[in-house]
Amino acid sequence: MSLYHGSLYWPTTISDKPVYPKLNKDLACDVLIIGAGMSGALLSYKLAKEPLDVILVDKDRVGNGSSAANTGLLQYSNDKMLHSFAESIGEKEAVRFYRLCFNGMEELKRIAASLPEDIQFKNRPSLYYASNEADVLSIKKEYEMLKKHDFPVEFLEEEMLYKSYGVKKPAAIRTGGDAEVNPQKLVISLVKEASQSSNIHVFEKTEVTKLHYQDGYWLFKSEEALIRAKHVVYATGYELDNFTMEMATELNRTYAMVTNRISSFQKWEDRCLIWETKRPYFYMRTTFDGRIVAGGLDEETMEAPRDPRILQAYADKLLTRIKEHFPQFQLKADYSYGATFGESKDGMPFIGEHPTSKNLYYCLGFGGNGTVYSAFGSTILKELILRGEHPDADLVRLDR
Ligand SMILES: Cc1cc2nc3c(=O)[nH]c(=O)nc-3n(C[C@H](O)[C@H](O)[C@H](O)COP(=O)(O)OP(=O)(O)OC[C@H]3O[C@@H](n4cnc5c(N)ncnc54)[C@H](O)[C@@H]3O)c2cc1C
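In this text the structure is predicted, and so the values were computed from the model without any measurement.

1. A short note on the domain arrangement of the protein chain
- Along its sequence, the protein chain is organised into domain 1 (19-121 + 180-248 + 345-400) and domain 2 (122-179 + 250-344).
- Between the C-alpha centres of domain 1 and domain 2 the distance comes to 27 Å.
- Those elements that provide at least two residues to the side of domain 1 that touches domain 2 are β4 (73-74), α2 (82-89) and α3 (91-114).
- The leading source of residues in the side of domain 1 that touches domain 2 is α3, at six residues.

2. A closer look at the environment of Met348
- Mapped onto the secondary structure, Met348 falls in the loop between β18 (333-344) and β19 (350-353).
- Overall, the presence of 25 C-beta atoms within 10 Å leaves Met348 in the buried class.
- As a C-alpha pair, Met348 and Asn78 span 270 residues in sequence and 9.0 Å in three-dimensional space.
- In contact with Met348, not counting residues within four places along its chain, are Phe97, Leu395 and Val396.

3. Observations regarding helix α9 (residues 370-387)
- Relative to the 26 Å expected for 18 residues at 1.5 Å per residue, α9 spans 25 Å between its end C-alpha atoms, a close match to the ideal helical length.
- Counting buried residues in α9 gives 14 out of 18 residues, a clear majority hidden from the surface.
- Looking one or two residues past α9, Gly388 carries a phi angle of roughly 80°, positive in sign.

4. Re the environment of Asn70
- With respect to the helices and strands, Asn70 occurs in the loop between β3 (54-57) and β4.
- Not counting the four nearest positions on each side in its chain, Asn70 is found in contact with Pro183, Gly370 and Thr371.

5. Notes on the site of the ligand
- The environment of the ligand is made up of 38 residues, and the closest members are Gly35, Gly37, Gly65, Gly237 and Gly370.
- Secondary-structure elements contributing two or more residues to the shell around the ligand are α1 (38-47), β14 (249-259), β18 and α9.
- Considering every element that reaches the shell around the ligand, the biggest residue donor is α9, with four residues.
- Grouping the constituent residues of the shell around the ligand by class yields 12 nonpolar, 21 polar and five charged.
- Domain assignment of the residues forming the shell around the ligand places at least three in each of domain 1 (19-121 + 180-248 + 345-400) and domain 2 (122-179 + 250-344).

6. A closer look at unusual backbone geometry
- Each neighbour pair has its own omega, and for Arg279 with Pro280 the value is -10°, a cis peptide bond.
- Among the structural elements, Pro280 can be located in the loop between β15 (273-276) and β16 (283-286).
- The residue Gln120 is not glycine, and still its phi comes out positive at about 55°.
- Position of Gln120 among the secondary structure elements: in the loop between α3 and β5 (122-123).
- Take Gln120: there are 18 C-beta atoms within 10 Å of it, and that puts it in the partly exposed class.
- Positive phi values are uncommon outside glycine, yet Lys267 reaches one of about 75°.
- Note on placement: Lys267 falls in the loop between β14 and β15.

7. Observations regarding the sheet that holds β14
- Taken in spatial order, the nine strands of this open sheet run β1-β18-β14-β17-β16-β15-β6-β8-β7, and their pairing is mixed. Of all the strands in the sheet, just β1 (4-6) and β7 (153-157) have a single pairing partner and so form its edges. Adjacent strand axes in the sheet meet at a mean angle of 20°, parallel and antiparallel pairs treated alike.
- The sheet contact formed by β14 and strand β17 (residues 292-299) spans five bridges and is antiparallel. Counterpart to Tyr255 in the pairing with β17 is Gly296.
- Contacting β7 and β8 (171-175), helix α4 (residues 136-148) runs over the sheet at an angle of about 25° to β8.

How each quantity is defined
- Residues numbered from 1 in each chain as written.
- Predicted model: local features only at pLDDT ≥ 70, side-chain atom pairs only at ≥ 80, totals over all residues.
- Domains from an automatic or database assignment.
- Helix = DSSP H or I, 4+ residues; strand = E, 2+ residues; numbered from the N terminus.
- Buried ≥ 20, exposed ≤ 12 C-beta atoms within 10 Å, placed from the backbone.
- Contact = placed C-beta atoms within 7 Å.
- Expected span 1.5 Å × (residues − 1).
- Near = placed C-beta within 6 Å.
- Nonpolar A, V, L, I, M, F, W, Y, C, P; charged D, E, K, R; others polar.
- Pairing = 2+ DSSP bridges.
- Axes fitted to C-alpha atoms, helices over the stretch in contact; angles between N-to-C directions.

Take a look at the structure:
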């Protein structure tokens, strides 16, 4: 299955992608990470500072999986609001989960600041508006609960919303602490940094499959070699195996488009990230070089259509949505694509150790906040590998 079809924007922004070799000899390591997308890249970056010998493999090139289709909105708020989580898992656990996301955001900011390359990371507030009158109550509830637990949030009445953003909607909340990034640059840069450490070995064009567990090691094979690993992390994104196929997840498809460059974002205060309460939701952000990235129109089918005419029709729908907000901009779709998109049924990612196979872990950042999930997920996995525990591992464990 191909994870996306159409024309992606981020690859056009990358000019100097490092090339890593294909694995062609047998190796042993402490940790084998399978998949060099956002999850595998963040984990290898964090493990580069630890006394562990790490192998990172990808069957394709680094950052070419669904992380290349990621639209790069980084938010502590989730698709499922805090007050909805409170109804399903209790307020204390819901706040613990939101705090984990908030801390994941903070961690991404620190990482972005420490990387030598410009990954087009910029702090931005998010505007989350009520798509209709019926959703105002839920926006108000969300505001009250976020505020009660000290998350950065403001409430905007209709008039203020129109004055600041030109958005004709009944109410909104504005959350602070969020950001935008070029996700593919982030992945490539993390792996490049990690690979500078002598304990990290990166191999591209190296697909691996599991053989068995023997004498304290997991044995994996690639086309040309065997890998013996004490710990193995599946950071394979939406490509499911027999175990993950049984999890409470669903694979859908979503659409995104990137416009031409425009010279000014007049009436788009702070160039904030914009999204809405309607489901499936529409969202948009701006880029460093003056474009608008918009996405949404999710459908319950796994693979995106291949036909460029169909993709163009979805791009046109997204363009219409942008123009509802910003009729003054002269816009056309320069890039448009459809992509597979994974979500979990309870709104939280699946991250942790396999319930019966020792030292085998998964980092599945399923959901609209995949990058933030990968950020705190890689910390949880690092701690599980090094110390066998993390205080929040129970929240996102695989067998919940
Ligand atoms: C259109 C779209 C928009 C999105 N927008 C956002 C957003 O705005 N913000 C956000 O936070 N998240 C967003 N996401 C979600 C985000 O993209 C994902 O959460 C993220 O890409 C997952 O990263 P990953 O590393 O888990 O998977 P991937 O990036 O898919 O990486 C997995 C890697 O594993 C490799 N692999 C798989 N099997 C094997 C094997 N057997 N051997 C070797 N290698 C293997 C693949 O080649 C791939 O490179 C979006 C997703 C889509 C599709």
